[in-house]
Protein chains: 2
Amino acid sequence: MMLRVTPELNEVKDIVSVGVRNKWLVVLVGVFGVNYKGRAISELSCGERLLIIKPDGCVLIHNSEGVNPINWMREGSSINAKLDEEVLNIKVLNINPREELVLRIQKVSVVFTNGFSSVGELRVIGSEADMARKIYENPSVISKNFKPVSLEEQTKYGFIDVLGCEGEDYVVVECKRYRAGLSGVQQLRRYVEKFKKARGINNVKGVLAAPSITKNAFKMLTDWGFSYKRVEPPMHLIGEKTVQEKLSKFLHENETKN
Amino acid sequence: MMLRVTPELNEVKDIVSVGVRNKWLVVLVGVFGVNYKGRAISELSCGERLLIIKPDGCVLIHNSEGVNPINWMREGSSINAKLDEEVLNIKVLNINPREELVLRIQKVSVVFTNGFSSVGELRVIGSEADMARKIYENPSVISKNFKPVSLEEQTKYGFIDVLGCEGEDYVVVECKRYRAGLSGVQQLRRYVEKFKKARGINNVKGVLAAPSITKNAFKMLTDWGFSYKRVEPPMHLIGEKTVQEKLSKFLHENETKN
DNA sequence: GACCTTAGCGGCTGC
DNA sequence: GCAGCCGTTAAGGTC
């Protein structure tokens, strides 16, 4: 590990270079400005910021606020530090897409680099796919006679979350985890139209399943003859205990399956 | 500033607490696992990771790879560190939406906290709005007779990027900065239909302007009687010099306007 | 590789 | 506050 507090810029250059060459993690707090040219152009004037260079070569520049970086480069970039007079210039290059980031570092309060390799797996439950699965397993939330047929069925025009039957009719279900908006209604419309055309039939219903729906979306939906079904997503404001039980259950099931 | 290398966990607790209380930046590299409960549920097993707590209270947990954090909490969270036996537990709470993040820290290689306040402004050019402006100012990229009427008409009939006329007809233009897909076609369709209905007219054309278009999207577009116009976005693979000129020009114009 | 989708999307703008 | 939508969107899956 290498670490310096309020270092000279040539020391910073060395630490950054070593970190990058060894594919270590580099963290730097200092005063610098940033220029980006690539998919867009941006100019960020000088200020105190946090620079992170990860082992995979991606670069993050963070402000004092917010979850997202104010500037960044994706993995696989080439990184080069050069001391020009009173400024340490770090140039980050990517090909495909061709883009370039230049940092003009004036002052550094801390910099360090260290070997860094994350292991460990992230497991998430509560996605939209989980919601479709919930409907597939509890078809009565759509209607008494709804019989699900397929889940996440791929078509040329996107994939249908749940497809099923209701008596003589087909039913296409589009799920939204949160309040459904216009685009969800249009997705549903697209799937229903394509399904009708592909099968040469007309008895296809469309259902939008979501915990709630915007006013405009509801109007559009009913204008087109579709219907809305209120369905709570798998993880909507459920209490501590339930969550714990669900998580344990999920993890257990997952482990026994593998 | 406070900084420690391979500290004891009680020292870590103190540094984190001081940093959070003072609304400083906190950076920590160590071995820990993470549990999240809120909009979804996730479990991240133990591994070496980077923790950042920003002055605004948002929390980022980064892996050795990728631009995005593997776990995070948005600003305004309450943060509490507690030492339980051999583990330092940091609990982060947010209300609205109610969510909770728990870190189980086992080992720390570096931790520091420091005052941190970013100033400086980010200016970006090359967005979709810039593309609409480009079309508005160079209407011939749509067609010889195209006469733009309004730009980013964001309220009346939806967010129409560019609205214009072509002889007797109205033309609705939807822009995409990158290869246009199905959703872009649907947006266009929605705007055209809305516009027709609002005006009670039928002579409305729809044009999708983008550097390229997917095969399916093109089929859908033509099926519905709309057309595609290849338009390069403002910043597509342009050379160094051009970029510099554009940026200077843009900045200059912007400054003289203000 | 093209294509389509979701995301604990984030963030912004307009009402 | 809601609603709609862009993003240097990113990341993941299927065909």
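Just so you know, these numbers come straight off a predicted model, no measurement behind them.

Engineer: Could you clarify how one ought to interpret the sheet that holds strand S10 (residues 146-153) of chain B in this entry?
Structural biologist: Picture the strands of a sheet paired through backbone hydrogen bonds; they go either parallel or antiparallel. Residue and element names in this part refer to chain B. Read across the sheet, five strands follow the order S10-S11-S12-S13-S14 without closing on themselves; strand pairing throughout is mixed. Bordering the open sheet on either side are S10 and strand S14 (227-230), each of which pairs with just one other strand. Taken pair by pair, the neighbouring strands of this sheet meet at an average axis angle of 30°, ignoring direction. Taken together, the five bridges between strand S11 (residues 160-166) and strand S12 (residues 169-175) define a ladder with antiparallel strand orientation. Paired with valine 162 across the strands is valine 173, a residue of S12. Packing against the sheet, helix H3 (residues 182-199) makes contact with S11, S12 and strand S13 (204-210), and its axis sits at approximately 155° to S13.

Engineer: Is there a simple way to explain the sheet that holds strand S13 (residues 204-210) of chain A in this structure?
Structural biologist: All names here are of chain A. Here five strands make up an open sheet; going across it, the order is S10-S11-S12-S13-S14 and the pairing mixed. One side of each edge strand has no neighbouring strand; the edge strands of this open sheet are strand S10 (146-155) and strand S14 (227-230). Direction aside, neighbouring strands of the sheet carry axes that sit 30° apart on average. The pairing of strand S11 (residues 158-166) with strand S12 (residues 169-175) spans five bridges and is antiparallel. Across the sheet, residue glycine 164 finds its bridge partner in S12, namely valine 171.

Engineer: So what exactly am I meant to see when it comes to the protein's contact with DNA strand D here?
Structural biologist: Residues in close proximity to DNA strand D total 25 residues, the closest being Arg39 and Arg179 of chain A together with Tyr178, Arg190 and Tyr191 of chain B. Put simply, 85% of the atoms of DNA strand D that lie within 4 Å of the protein are in sugar or phosphate. With respect to DNA strand D, the side chain of asparagine 71 of chain A contributes an N or O atom lying 2.9 Å from a base oxygen. Contributions of two or more residues to the surface near DNA strand D are made by strand S5 (71-73) of chain A together with H3 of chain B. Take the surface near DNA strand D: its biggest share by element is three residues, from H3 of chain B. Of the residues belonging to the surface near DNA strand D, the class tally is nine nonpolar, seven polar and nine charged.

Engineer: Just checking my understanding: could you explain the packing of aromatic side chains for this structure?
Structural biologist: We describe a pair of aromatic rings using the distance from one ring centre to the other and the angle between the two ring planes. Residues and elements named next belong to chain A. Per the stated rule, a full pass over the model turns up four aromatic pairs over all chains. When the ring of tyrosine 170 is compared with that of phenylalanine 195, the centres are 5.3 Å apart and the planes differ by 65°; the resulting orientation is edge-to-face. With a gap of 25 residues between them, tyrosine 170 in strand S12 and phenylalanine 195 in helix H3 (residues 182-199) connect regions that are remote in the sequence. Owing to a relative accessible area of 7%, phenylalanine 195 belongs among the buried residues under this scheme.

Conventions adopted
- Residues numbered from 1 in each chain as written.
- Chains lettered and ligands numbered in written order.
- Predicted model: local features only at pLDDT ≥ 70, side-chain atom pairs only at ≥ 80, totals over all residues.
- Heavy atoms only, no water.
- Pairing = 2+ DSSP bridges.
- Helix = DSSP H or I, 4+ residues; strand = E, 2+ residues; numbered from the N terminus.
- Axes fitted to C-alpha atoms, helices over the stretch in contact; angles between N-to-C directions.
- Contact = heavy atoms within 4.5 Å.
- Near = heavy atom within 4 Å.
- Polar contact = N/O pair within 3.5 Å; in protein donor to acceptor, adjacent residues only side chain to side chain.
- Nonpolar A, V, L, I, M, F, W, Y, C, P; charged D, E, K, R; others polar.
- Phe/Tyr/Trp six-rings, centres within 6.5 Å; stacked < 30°, edge-to-face > 60°.
- Buried < 20%, exposed > 50% of the residue type's maximum accessible area, 1.4 Å probe, protein only.

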